[in-house]
Amino acid sequence: VKNFDITIRLLGGLLSGYQLSVDNRLLALAQDLGARLLPAFNSPTGMPYVEVNLKTGKVRNPRTNPAEVGTLLLEFGTLSRLTGNPVYYDKAKRAVVALYARQSPLGLVGSSINVETGVWSDSTSHIGGGIDSYYEYLLKAWLLFGDQDCKRMWEASARAVNEHLSEKVSGNFWYGQANMYTGARLSHHFEALAAFYPGTLALSGDLDRASRLQTSTFRMWTTFGIEPEMIDYRSMTIVDDGYELRPEIIESAYYLHHFTGDERYREMGRTFLRDLIACCRTDVGYAALSNVRTHTRRDSMESYFLAETLKYLYLLFASPGTVDLRNHVFNTEAHPLAKISRR
Ligand code: DMJ
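Because the structure is predicted, anything quoted here is derived from the model rather than measured. (Residues numbered from 1 in each chain as written. Predicted model: local features only at pLDDT ≥ 70, side-chain atom pairs only at ≥ 80, totals over all residues. Heavy atoms only, no water.)

## Some words on the packing of helix α5 (residues 87-100) against helix α7 (residues 148-164)
Closest axis-to-axis distance for the α5/α7 pair is 12 Å, and the angle between their directions is 30 degrees. Here α7 runs roughly parallel to α5, going by the angle between their axes. Relative to α7, the crossing made by α5 is left-handed. Of α7, the residues touching α5 (which contributes Lys 93, Val 96, Val 97 and Tyr 100) are Asp 149, Arg 152, Met 153, Ala 156 and Ser 157. Residues belonging to the contact of α5 with α7 are distributed by class as follows: five nonpolar, one polar and three charged. (Axes fitted to C-alpha atoms, helices over the stretch in contact; angles between N-to-C directions. Helix = DSSP H or I, 4+ residues; strand = E, 2+ residues; numbered from the N terminus. Parallel < 35°, antiparallel > 145°, perpendicular 65-115°, else oblique. Left-handed = near helix turned anticlockwise from the far one by under 90°. Contact = heavy atoms within 4.5 Å. Nonpolar A, V, L, I, M, F, W, Y, C, P; charged D, E, K, R; others polar.)

Below is the structure:
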């Protein structure tokens, strides 16, 4: 299995389910799964291999990315707190520290790294898919566990990202692609996956950048009637014309509404819901689109549509206290995890 996907979807789901139900069978399953995933971390750098065999512990695929290395600490850390066994927290923390130690002097990370050599094989820096939730988890690990190392890593990373990746184009605020060593701008693409960032910025207290970026991403949605997978924000043209039923822009609207109470984020939510129903609804579910221009549908619906897209849409309109964000964080698959004190 892929360590990253199984961790954020299944381990996160089991842990969240356990905390909500206090059904010990879920914690037992989480512990069994966590122990079977641990061999993934047995690399020379401590960063996990992409794949691990749950029966044999055999690992493969040393070429990974920051998201797959850095999006494990909420789940493995919660497992440690619930079981009293520090090994899960320690392995996941060591991995993210090993990655952070390999950032460039500018404070940026690249798109692809080898867990055996620690060498970057792609030095393109951005906040989109493959890097995105690395930043999200630095912030959230500080919020959930009070981890001061994660606080420092988040603050330094957010500064570098703002300095080298953000730009203003025709009055709109965006984040694009740059070389991690030189800061040279490589492209001006914004993908649907990167629309998580206003939510993360809002959670960190940076409501100014959060609201400006959300205004831009909402424009990305409304310009095309639904959100393309990737645009060039200088020309406002489509680079990738699919729509994968993604949650990120809705997730960010939820956080922004939660922290500001501004009704315009619920207005955005009405637009998202209206367009989802018009473009994607079928008799048996909601379909991803292969083309946002023609509304051509794929015969597919990813599980995150239920776990995240609909959940954040619901939460956007639910009463603000439905999930208490002072005591919970959502993992990157929208499973709420509760703060727990160390045993
Ligand atoms: C989800 O699996 C997670 O949100 C992940 O962090 C990014 N990709 C999908 C949703 O788009």
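Here the narrative resumes.
## Structural notes on the site of the ligand
Contacts to the ligand come from Ile 8, Arg 9, Leu 193, Arg 246, Pro 247, Glu 248, Tyr 304, Glu 308, Thr 332 and Glu 333. One of the side-chain N or O atoms of Arg 9 is found 3.0 Å from an oxygen atom in the ligand. In isolation the ligand offers 300 Å² of accessible surface; the protein chains occlude 91% of this area. Assessed atom by atom at 2 Å from the grid points, the ligand resides in the largest pocket. Tallied by class, residues from the shell around the ligand come to four nonpolar, one polar and five charged. (Near = heavy atom within 4 Å. Polar contact = N/O pair within 3.5 Å; in protein donor to acceptor, adjacent residues only side chain to side chain. Areas by Shrake-Rupley, 256 points an atom, 1.4 Å probe, with all protein chains shown as cover. 1 Å grid on protein atoms, 1.4 Å probe; cavity = no way out; pocket = protein on both sides within 12 Å on 5 of 7 lines; lining within 4 Å. Sits in = over half its atoms within 2 Å of the grid points.)

## Points about the packing of helix α4 (residues 73-83) against helix α6 (residues 132-145)
It is the contact of α4 with α6, at a shortest axis distance of 10 Å, that shows an interaxial angle of 20 degrees. As far as their axial angle goes, α6 and α4 are roughly parallel. When you trace α4 past α6, the crossing you get is right-handed. Mapping the contact onto sequence places Leu 73, Leu 74, Glu 75, Gly 77, Thr 78 and Arg 81 in α4 and Tyr 137, Lys 140, Ala 141, Leu 144 and Phe 145 in α6.

## With respect to the sheet that holds strand β5 (residues 120-122)
Reading across from one edge, β3-β4-β5 is the order of the three strands in this open sheet, with antiparallel pairing throughout. The two strands at the open ends of the sheet, each matched to only one other strand, are β3 (63-64) and β5. Relative to strand β4 (residues 112-114), β3 is paired through two bridges, and the arrangement is antiparallel. The residue of β4 that forms the bridge with Thr 64 is Ile 113. (Pairing = 2+ DSSP bridges.)

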